[in-house]
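Single-letter residue listing:
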Amino acid sequence: MNGTLAAARRLLGFWPAVTAGMLIVTAALLLLPVFNIVGLSFSGGETAASVLDNYRKFFSEPYYYRTLINSFIVSISATVLALLVGVPAAYFVSRFQIWMRNLIRAAVVLIFVSPPFIGSYSWIILLGRNGIVTTTLAEWGIPLPSIYGAQGIIFVFTLHYFPFVFLLVSSGLKSIDQSIEDAARNLGSSELATFKNVIAPLLAPSISTAALLVFIACFTDLGTPIILGERFRVLPVLIYGEFVNDFGGRPVLASTLSVLLLVITTSALLLQRWYASRNAYGTAAVRPLTLQEQPLGKRLLAALFVYVLVGMALLPLANIVVSSFLKANGPVLLAEFTLDNYRRILGTIGRPLWNTIFFTTTATLLCAVFGTMIGYVIVRRPGRVSSFLDTIIMFSFAVPGIVLGVGLVVTYHHPPFSMTGTALILILAYFIRRLPFSVRSSVGMLQQLSRDTEEASVNLGAGPALTFVKITVPLLSVAILSGVLLTWSNTIRELSATLILQSGRTVTISIEIFNEVVNGNFGVASALGTVLILLTFLPLSVLFTAMGKREDALV
Amino acid sequence: MTTAVSIDSITKRFDGTTAVDDVTIDIARGEFFTLLGSSGCGKTTLLRIIAGFLRQTSGTIRFADKPIDDVPAHRRNTGMVFQNYAIFPHLSVFDNIAYGLRARRCAKAEVEARVGQMLELIQLAALRHRRPRELSGGQQQRVVLARAMVIQPDVLLMDEPLSNLDTAMRVHLRAEIRALQRQVGITTIYVTHDQEEALLMSDRVAVMSHGRVEQIATPLEIYNAPRTRFVAGFVGECNMLPGKVAEVLDGTATVALGDGGRLAVDGLAGVAPGEARTVAFRPQDAELLPAPDDTTQGLHGRLVDIQFLGGTVRFVVDIGAGAIVHVAAQRRTGAAIPVLGGRYRLDVPAHAVRLFEPTAA
């Protein structure tokens, strides 16, 4: 009798209640939408002969399956290229005495957080049919390869996503002890052989994580292929097209395509985790790899490589800011200074700016609160339920924005919810997409914190809830704050889920830019883009200057 | 003697391994009780079960005869001092000590008075507004001690509180903790792997090994009369030699050990000639004497090493058949120095020798 009472009290405690709440929230916002699109994809519509109808249709018509092949072509190419430029760049900046190393690192961060679709249309301004560079070079008789289609997408993806590789490999290099390299050299291994046989294998987990992130980012990116793809269509573009066609009806085909996309991203995630777990050495550097003395020629070559790479990746951003001050005639920019573009957005930017800031801030705060609690449950209350929660959070990494968008519409479009187009659905979408960020940052910090401090508080008579508020949260405050700033920077530029879920009332700056680009108003798009870049970069400059964080906090 | 804490047949299993194995201990009010053992012996697990951070697989814990098994950790009214202090880094010294009182919703004036009193007791009144990072390790340890004592817990639990301090501070603080504990008269359970700490501070000690209690006794008894082979080896140094009972006469046995050596053992019951036993005696109980001509009596050996340690000298004697005996002697200036390689007789008083069951291996 007493025993059952006590058992009941244990079940109804603070943390069990929190855990149950988190499970319900993540189930409602992630599992149920995914479950629904899977269900819809097998439903086959009214004339269905078989549950596999939709998939048969996809794999029998080139119009459909070609997009899957295209997605693989651009994603794999971009991943390989990003590794080929990112790994050496990170190695050179970490190991060689290259001039302006801190500036390079800051530039990589800037590239990393900038919205990818801004880069794409910026490249059109530069290298498009009427692009500044294209026309200038054409006058000299030098033809340039086209920026449109597969090659353009691969080019933009590579330049935009190589920072994943750069940042992860840089932090991976920091966990290798100098003595390991010294030992290899001492045993007679040359510099190149040392890198190939000793350093690179130790970097395998970092490199494979980076490859996964680049691959998933490329595979699920919607903005860039819409802007640059023209007739070259990838899977996310097809999903978006089918979704827009079906709107109001049942997005059966869009769901089918979403499931395919999800299967691929999830497989990639599982493959990488399997690979990384087999190749993890768990090294911790007492004395991290130091800078190497290099002959001037080598230094110059390495520096040149890094400067050209970073310079090219920065070019579209600089171009946005510059062209926002240029007179525009549709997609053609004239070399004439003006504030016209800003004057034109002044009247219309109010609502999207407010929406963007309001949605992002609310979602970020939700992430901070729920993410910290989930992190606590995962680290401090291990068990089957908490590892299930951990798995859900990991899985949400693999759910692309566009898939989540379709799933949320399928689940909450109809009464009694009728939530499509509301601010709430966008906030919830942002929240669930970025939740892993804050979970991970508090998990990382909690694992380093001894649980003694919290137990001391409980021991002194503070219950679990009071202990969490009075002890755990203050101890985690730095991690929570940096999680907040990162989430904010990452959420504010969200495009793919927003495209699916927004309505006129809930338009954000990303959507406005996208619309202006699609309509060819490049001047206005640049002004809006400059505003968005500022909004993205502002919290990060706080993070890196005031909080003294290092750039690898980003990945 | 009233029982403050009663640990009744506590067992704790973690999937497959048994961390605490059927432990029963009664601790009296005001007693300083120590759980002594090497890491992994279950002493900390037992302490955490008492604090309520772990739940036992079976058995019952009672505070003053009231079962507390279903009382959550924050309502148990135990004060715990952690190995790495677990000081709240974001709170001042005062707020750290006041934490438990505030969690109990004490009135502001009472908090002020009781914390003030504690600060006087630990002599840190001047530092009440300091942040923990401005304090030395020893000061931090005193703050968490005050923090645990100010709530007037039913029992004070200390988990290796001194192991993170340097030797000088450790020696200083263990005296201070003992003095404070006597002054306040608080029941204390102290966990340590340091036998010196355990012997010096405790009213009683429980020596633990592999989750089991090997012996519960006063420090003197633990040292002088170890009940098991493990206790003899763990607390203080001990020569452990394989031997065989040769004869038993009026409660005095003679055991054969080494190559033809013999030792008399006092006060025994229940051994019969022919049984194998482990012979144990402390190095300082043995004496190195010149070998007589007749070597058929007593224990003899060849001196193979002399280790000079300043105040004491250790002699290493090979008694044959692979057995080595250590002898510790106080060094007096001018005393004759034994010759390395020479043969000597070992004199061990019969009451200083103990016999244990031989190890299974």
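Quantities reported herein were computed from a predicted structural model and do not represent experimental measurements.

The rules behind the values
Residues numbered from 1 in each chain as written. Chains lettered and ligands numbered in written order. Predicted model: local features only at pLDDT ≥ 70, side-chain atom pairs only at ≥ 80, totals over all residues. Helix = DSSP H or I, 4+ residues; strand = E, 2+ residues; numbered from the N terminus. Rg over C-alpha atoms; globule rule 2.2 N^0.38 Å. Contact = placed C-beta atoms within 7 Å. Buried ≥ 20, exposed ≤ 12 C-beta atoms within 10 Å, placed from the backbone. Nonpolar A, V, L, I, M, F, W, Y, C, P; charged D, E, K, R; others polar. Pairing = 2+ DSSP bridges. Expected span 1.5 Å × (residues − 1). Axes fitted to C-alpha atoms, helices over the stretch in contact; angles between N-to-C directions. Parallel < 35°, antiparallel > 145°, perpendicular 65-115°, else oblique. Core = buried A, V, L, I, M, F, W, Y, C linked by C-beta atoms within 7 Å. pLDDT = per-residue confidence, 0-100. Arc of directions from axis to C-beta.

**A look at the overall build of chain A**
Item 1. Counting secondary structure elements, chain A contains 24 helices and two strands.
Item 2. The C-alpha radius of gyration of chain A comes to 25 Å, within 12% of the 24 Å expected for a compact globule of 555 residues.
Item 3. For the C-alpha atoms alone, the extent of chain A along its principal axes is close to 90 × 70 × 50 Å.
Item 4. Restricting to contacts in chain A with at least 6 residues of sequence separation, those with at least 24 account for 81%.

**A word on the overall build of chain B**
Item 1. Helix and strand content of chain B: eight helices and 20 strands.
Item 2. Its C-alpha atoms give chain B principal-axis dimensions of about 85 × 50 × 35 Å.
Item 3. Here chain B holds 361 residues, and 40% of them are scored as buried.
Item 4. Considering only residue pairs separated by 6 or more positions, chain B has 66% of its internal contacts joining residues 24 or more positions apart.

**Considering the interface of chain A and chain B**
Item 1. Taken together, the contact between chain A and chain B spans 18 residues of the former and 18 residues of the latter.
Item 2. For the side of chain A that touches chain B, the elements supplying multiple residues, two or more each, are α1 (2–11), α20 (452–459) and α21 (464–491) of chain A.
Item 3. For the side of chain A that touches chain B, the leading source of residues is α20(A), giving seven residues.
Item 4. Looking at the side of chain A that touches chain B residue by residue, the classes come out as nine nonpolar, seven polar and two charged.

**Considering the pairing of strand β1 (residues 3–14) of chain B**
Item 1. As paired strands, β1(B) and strand β2 (residues 17–28) of chain B are joined by eight bridges and run antiparallel to one another. Considered in β2(B), the bridge of T3(B) is made with A28(B).

**Re unusual backbone geometry**
Residues and elements named next belong to chain B.
Item 1. Phi angles above zero are rare outside glycine, and E160 is one such case at about 40 degrees.
Item 2. As for its position among the elements, E160 is in the loop between β7 (155–159) and α5 (167–184).
Item 3. Assessed through the 20 C-beta atoms surrounding it within 10 Å, E160 is described here as buried.
Item 4. At A321, a residue that is not glycine, the phi angle is positive and equals roughly 55 degrees.
Item 5. Its place among the elements puts A321 in the loop between β17 (312–320) and β18 (323–330).

**Comments concerning helix α6 (residues 116–127) of chain A**
Quick reminder: α-helices carry 3.6 residues per turn. Residues three or four places apart thus point the same way.
Residue and element names in this part refer to chain A.
Item 1. A rise of 1.5 Å per residue sets the reference length of α6, with its twelve residues, at 16 Å; its end C-alpha atoms lie 16 Å apart and thus fit the reference within 8%.
Item 2. Taken across its twelve residues, α6 has eleven buried, putting it largely inside the fold.
Item 3. Within α6 the residues assigned to the buried category are P116, F117, I118, G119, S120, Y121, S122, W123, I124, I125 and L127.

**Considerations on the packing of helix α10 (residues 191–220) of chain A against helix α13 (residues 252–278) of chain A**
Residues and elements named next belong to chain A.
Item 1. Running from amino to carboxyl end, α10 crosses α13 at an angle of 175 degrees, the nearest separation of the two axes being 9 Å. Taken together, the axes of α10 and α13 are roughly antiparallel relative to one another. Contacts between α10 and α13 involve P205, S208, T209, L212, F215, I216, F219 and T220 from the former and L261, I264, T265, A268, L269, Q272, Y275 and A276 from the latter.
Item 2. By residue class, the composition of the contact of α10 with α13 is eleven nonpolar, five polar and no charged.

**Quick word on the pairing of strand β2 (residues 332–337) of chain A**
All names here are of chain A.
Item 1. Inspection of the sheet shows strand β1 (residues 326–329) paired to β2 by four bridges, in the antiparallel sense. Bridging across to β2, N329 finds its partner in V332.
Item 2. Where β1 hands over to β2, the hairpin turn is made up of two residues, of which G330 adopts a positive phi near 65 degrees.

**Some remarks on the sheet that holds strand β8 (residues 188–192) of chain B**
All names here are of chain B.
Item 1. Pairing within the open sheet is mixed, and its six strands lie in the order β6-β7-β8-β3-β9-β10. Of all the strands in the sheet, just β6 (78–81) and β10 (212–217) have a single pairing partner and so form its edges. Averaged over all pairs of adjacent strands, the angle between their axes in this sheet comes to 20 degrees, without regard to strand direction.
Item 2. Examined bridge by bridge, strand β3 (residues 32–36) and β8 share five bridges and lie parallel to one another. Of the residues in β8, the one forming a bridge with T34 is Y190.
Item 3. The strands touched by helix α4 (residues 137–149) are β6 and β7; relative to β6, the strand with the most contacts, the crossing angle is about 170 degrees.

**Details of the nonpolar core**
Item 1. Membership of the largest hydrophobic core comes to 160 residues, with the highest contact counts inside it found for V165(A), V169(A), V214(A), I239(A), V406(A) and A429(A).
Item 2. Ranked by the residues each element gives to this core, the list is headed by helix α8 (residues 149–174) of chain A, at 15 residues.
Item 3. Residues in contact with I239(A), not counting those within four places in the same chain, are A254(A), L257(A), S258(A), L261(A), I402(A) and V406(A).
Item 4. Judged by nonpolar contacts, the second largest core, of 99 residues, contains I50(B), V81(B), A206(B) and V317(B).

**Some points on the confidence of the model for chain A**
Item 1. Summing up the model confidence of chain A, the mean pLDDT is 86 and the portion of residues at 70 or higher is 93%.
Item 2. Helix α4 (residues 62–95) of chain A holds the highest mean pLDDT among the elements of chain A, 94, whereas α1(A) holds the lowest, 57.

**Concerning helix α3 (residues 108–121) of chain B**
Residues and elements named next belong to chain B.
Item 1. For α3, with 14 residues, the first-to-last C-alpha span of 20 Å sits near the 20 Å given by 1.5 Å per residue.
Item 2. Of the residues making up α3, those classed as buried are V111, V115, M118 and L119. Looking straight down α3, one finds its buried side chains confined to an arc of 100 degrees; they lie on one side. Away from its buried face by more than 90 degrees, α3 exposes A109, E110, Q117 and E120.
Item 3. Its buried side turned inward, α3 meets α2 (93–103) and α4.

**Quick look at the sheet that holds strand β12 (residues 252–257) of chain B**
All names here are of chain B.
Item 1. Spatially, five strands are ordered β13-β12-β11-β14-β20 in an open sheet, and the strand pairing comes out antiparallel. Whereas interior strands pair on both sides, the edge strands pair on one side only; in this sheet they are β13 (261–265) and β20 (354–356). Strand-to-strand twist in this sheet, taken as the mean axis angle between neighbours without regard to direction, amounts to 45 degrees.
Item 2. Alignment of strand β11 (residues 239–249) against strand β14 (residues 276–281), held across six bridges, turns out to be antiparallel. Its bridge partner being in β14, M240 is matched across the sheet by A280.

**Quick look at the environment of F219(A)**
Item 1. Its place among the elements puts F219(A) in helix α10.
Item 2. The spacing of F219(A) and I73(A) is 146 residues in sequence and 9.6 Å in space, taken between C-alpha atoms.

**Thoughts on the packing of α6(A) against helix α14 (residues 296–323) of chain A**
Each pair of packed helices can be described by the angle between their axes along with the distance between the axes.
All names here are of chain A.
Item 1. Following both chains from N to C, one finds α6 and α14 inclined at 75 degrees, their axes separated by 9 Å at the closest point. As summarised for this structure, α6 and α14 are arranged roughly perpendicular, according to the angle between their axes. Seen from α6, the contacting residues are I118, G119, S122, W123, I125 and L126; seen from α14, they are L315, P316, N319, I320 and S323.
Item 2. Looking at the contact of α6 with α14 residue by residue, the class counts come to seven nonpolar, four polar and no charged.

**A short note on the environment of L501(A)**
Residue and element names in this part refer to chain A.
Item 1. With respect to the element layout, L501 can be found in helix α22 (residues 496–501).
Item 2. By the C-beta count within 10 Å, which is 26 here, L501 ends up buried.
Item 3. Sequence separation between L501 and I402 is 99 residues; the distance between their C-alpha atoms is 9.3 Å.

**So, the confidence of the model for chain B**
Item 1. Considering every residue of chain B, the mean pLDDT works out to 89; 97% of them sit at 70 or more.
Item 2. Confidence metrics for the complex model read pTM 0.81 and ipTM 0.80.

**With respect to the environment of F234(B)**
All names here are of chain B.
Item 1. Of note, F234 is situated in helix α8 (residues 229–234).
Item 2. Among the residues examined, F234 registers 22 C-beta atoms within 10 Å and is labelled buried.
Item 3. Sequence-wise, F234 and L346 are 112 residues apart; in three dimensions their C-alpha atoms are separated by 24 Å.
Item 4. Residues contacting F234, with those up to four places away along its chain left out, are Q195 and V207.

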